[in-house]
Structure formats: structure tokens, C-alpha cells
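# Commentary on secondary and tertiary structure
Each chain is listed here by its residues.
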Amino acid sequence: MMRKKILIAEDESIIRMDLKMMLEDNGYEVVGEAGDGERAIELAYLHKPDLILMDIKMPKINGLQASQIIGKQLDLPILIITAYSQKEFVEKAQQDNVVGYLVKPIAESNLIPTIEIALHQADKAKRLKKDILNAHQEVEKRKLIERAKGILMQKRQLTEQEAYKTMRNSSMSSQLPMEAIAEEIIAAYK
Ligand SMILES: [Mg+2]
């Protein structure tokens, strides 16, 4: 199994080291360590990790802003790590890519299961998005085919079945998918 890649963004180096050790002890690959939000964004772009552990209070760009930017541009899952006093910020940070949060001090017995769940959720969300995209593309394809069929029926005085058969035949003889044939027909009669 491929080791999951994790990026740590935390400005306190002792906590960062601690997290890194816990992660590596449990078979994760720490692909980067950032001490501020700006660096976190850079490293997120560079490594495209499976998950980012993101502290809130950090120099330059805080963790919530960095999460927002990463969410919009890269859509990577983020697990917020926070001091107890910052919990309210997390609740405000309702972003799709924030998959959970951990309150400091972080114990290994807490960190690892939370990461496992976060990774699982992120996988599920990714699959769901792909399914939705596929379904959307399928609908678009069908719309194209319907449109082309309508054009053939009208321009060549064909029945629906004949129009469909014509398209299917040219799809088979040209070895192009039906939607490509449909696009050609739509373009030809423009
Ligand atoms: Mg901090």
C-alpha cells in the first residue's frame, strides 16, 4: 500500500517535530513542514499531499485563510489543529475541504484515528465528486445526441429510429463515439 502523504503546517517547531514523529511512527510520509501559512500554501502546491495538518495561529497567513486558499485552488483535505481557545474559529470555518479538527495538546491516541477517519472521508468525497462529474458528462453527451438526432430528423426527413441508426452506423464505421458524431452533425448543419 502506498504511504499517505501528509503536510504539517505549525509554527511551533516542537509541536511540529512531535507531530512528525507520531506520523512517521505510524507509517505516514511527512512530505513537508511549514512554519507559516504562506509556506503551507507553497508546499501544498508542490507536494499535493493526501492531507494537511493545519495550525490556525501562524505568521504571515493564518491557518484558516491558508485553508481557504488551498481549498479553492487545490481542493486538498485539511485537518485543523488548534488551541482550545480557538475552537470557535473552527466552527466558523465551514469549508468543504476542512475534514475535521484536533485540539492541542495532541496525543498520538487521538491523532491517528482522527487522521484515518479524515483520509477516509476525503476519499469518499473525492469519489462522490467524480461520480457527479461523470453523471453530468453523461447527461451532456445524451443532450448532444438528442440534438443531433433532431437535426437529422428535420433536415433529412428521417424518423427518430432512422436518425439514430444513421448516427450509430457512422459511429461504428468511423470508430468515433456517438457524441463525436453528434458534434459533427450539429456543426455541419449550423
Ligand atoms: Mg500556532
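Described in the following lines is the structure provided in the data block. (Residues numbered from 1 in each chain as written. Predicted model: local features only at pLDDT ≥ 70, side-chain atom pairs only at ≥ 80, totals over all residues. Heavy atoms only, no water.)

## Re a negative patch on the surface
A cluster of acidic side chains, namely Glu24, Asp25, Glu29 and Glu108, defines a negative patch on the protein surface. One can find glutamate 108 in helix H5 (residues 108-155). Take glutamate 108: its relative accessible area is 36%, and that puts it in the partly exposed class. (Patch = residues over 30% accessible without salt bridge, like charges linked within 9 Å, V, L, I, M, F, W, Y side chains within 5 Å. Areas by Shrake-Rupley, 256 points an atom, 1.4 Å probe, with all protein chains shown as cover. Salt bridge = Lys/Arg side-chain N within 4 Å of Asp/Glu carboxyl O. Lys, Arg positive; Asp, Glu negative; His and termini not counted. Charge placed at Lys NZ, Arg CZ, Asp CG, Glu CD. Helix = DSSP H or I, 4+ residues; strand = E, 2+ residues; numbered from the N terminus. Buried < 20%, exposed > 50% of the residue type's maximum accessible area, 1.4 Å probe, protein only.)

## Quick look at the pairing of strand E1 (residues 5-9)
Among the 5 residues that make up E1, 4 are buried, leaving the element largely enclosed by the rest of the structure. Bridge count for E1 against strand E3 (residues 51-55) is 4 bridges, and the pairing is parallel. Its bridge partner being in E3, alanine 9 is matched across the sheet by methionine 54. (Pairing = 2+ DSSP bridges.)

## Regarding the coordination of the magnesium ion
Around the magnesium ion, the protein supplies Asp11 (OD), Asp55 (OD) and Lys57 (O) as donor atoms, at distances of 2.0 to 2.2 Å. A relative accessible area of 63% places lysine 57 in the exposed class. (Donors = N, O, S within 2.8 Å, 3.2 Å for Na, K, Ca; no water.)

## Observations regarding the environment of glutamate 12
Inspection of the secondary structure puts glutamate 12 in the loop between E1 and helix H1 (13-25). Assessed through its relative accessible area of 43%, glutamate 12 is described here as partly exposed. In the structure, glutamate 12 is positioned 67 residues away from leucine 79 in sequence and 17 Å away in space, judged by C-alpha atoms.

Read these as layout, nothing more, since geometry by itself doesn't imply function.
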